[in-house]
Amino acid sequence: TILMCCFQLCNEDYHWWWRSFLSSGSAAIYLFLYAVWYFVSKLEITGFVSSAIYFGYMFIIALGFFLLTGSIGFFACFWFVRKIYGAIKVD
């Protein structure tokens with residue numbers, strides 16, 4: 001996320017806020033896709049209600065993971081931007 005933020009700032013695109021959150025939170029998509037693959041290949045759940053509960057819980061877990069990693073990526077990028085612009089001396 002910090003590297004993506006650095007590329008954005010080098011291209012003079014200063015709207016890094018949401019992109020830093022979404023780029024680090026996108027790992028949750030992988031988590032949910034892995035849960036789908038695990039459901040299809042490993043689990044032997046046949047009922048609709050059981051499947052709905054599984055995917056419901058996995059969606060909640062993926063959403064929590066998205067918020068967690070997105071927040072960590074945003075605050076890391078925020079810290080990075082404050083450090084690089086705090087080091088600039090204007091005389």
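Quick notes on the rules
- Residues numbered from 1 in each chain as written.
- Predicted model: local features only at pLDDT ≥ 70, side-chain atom pairs only at ≥ 80, totals over all residues.
- Heavy atoms only, no water.
- Disulfide = S-S within 2.5 Å.
- Buried < 20%, exposed > 50% of the residue type's maximum accessible area, 1.4 Å probe, protein only.
- Helix = DSSP H or I, 4+ residues; strand = E, 2+ residues; numbered from the N terminus.
- Axes fitted to C-alpha atoms, helices over the stretch in contact; angles between N-to-C directions.
- Parallel < 35°, antiparallel > 145°, perpendicular 65-115°, else oblique.
- Left-handed = near helix turned anticlockwise from the far one by under 90°.
- Contact = heavy atoms within 4.5 Å.
- Polar contact = N/O pair within 3.5 Å; in protein donor to acceptor, adjacent residues only side chain to side chain.
- Phe/Tyr/Trp six-rings, centres within 6.5 Å; stacked < 30°, edge-to-face > 60°.

S.K.: Let's hear about the state of the cysteines: which residues, and what values?
M.R.: Two cysteines whose sulfur atoms are joined by a covalent bond form what is called a disulfide. By the definition in use, this model includes zero disulfides. Not engaged in a disulfide, the cysteine Cys10 finds its nearest cysteine sulfur in Cys6; these two sulfurs lie 4.2 Å apart. Given a relative accessible area of 59%, Cys10 falls into the exposed group.

S.K.: Explain unusual backbone geometry to me, and be specific about the residues and the numbers.
M.R.: Of note in this structure, Glu12 is not a glycine but carries a positive phi near 60 degrees. Among the structural elements, Glu12 can be located in the loop between helix 1 (2–10) and helix 2 (17–25). Using a relative accessible area of 63% as the deciding quantity, one classes Glu12 as exposed.

S.K.: Lay out the packing of helix 3 (residues 27–41) against helix 4 (residues 48–86) with the relevant residues and their values.
M.R.: Packing of helix 3 against helix 4 leaves a shortest axis separation of 8 Å and a crossing angle of 160 degrees. Relative to helix 4, helix 3 is oriented roughly antiparallel. Considering the relative orientation of helix 3 and helix 4, their crossing is right-handed. In this structure, helix 3 contributes Ala27, Ala28, Leu31, Phe32, Ala35, Val36, Tyr38 and Phe39 to the contact, and helix 4 contributes Ser51, Tyr54, Phe55, Met58, Phe59, Ile61, Ala62, Phe65 and Phe66.

S.K.: Please set out the side chain of Ser51 residue by residue, giving values where relevant.
M.R.: Mapped onto the secondary structure, Ser51 falls in helix 4. A polar side-chain atom of Ser51 sits 2.9 Å from the main-chain carbonyl oxygen of Gly47. Once residues lying within four places of it in the same chain are set aside, the contact partners of Ser51 are Phe39 and Ile45.

S.K.: Please give an account of the packing of aromatic side chains that cites residues and values.
M.R.: Any two aromatic rings considered together are summarised by their centre-to-centre distance and by the angle between their planes. Taken as a whole and assessed by the stated rule, the structure comprises 16 aromatic pairs. Note on Trp16 and Phe74: the rings are 5.9 Å apart at their centroids and 20 degrees apart in plane angle, and the pair reads as stacked. Of this pair, Trp16 sits in the loop between helix 1 and helix 2 while Phe74 sits in helix 4, and the two are 58 residues apart along the sequence. Given a relative accessible area of 17%, Phe74 falls into the buried group. These aromatic residues form a ring-pair network of at least three members: Trp16, Trp17, Phe74, Phe75 and Phe78.

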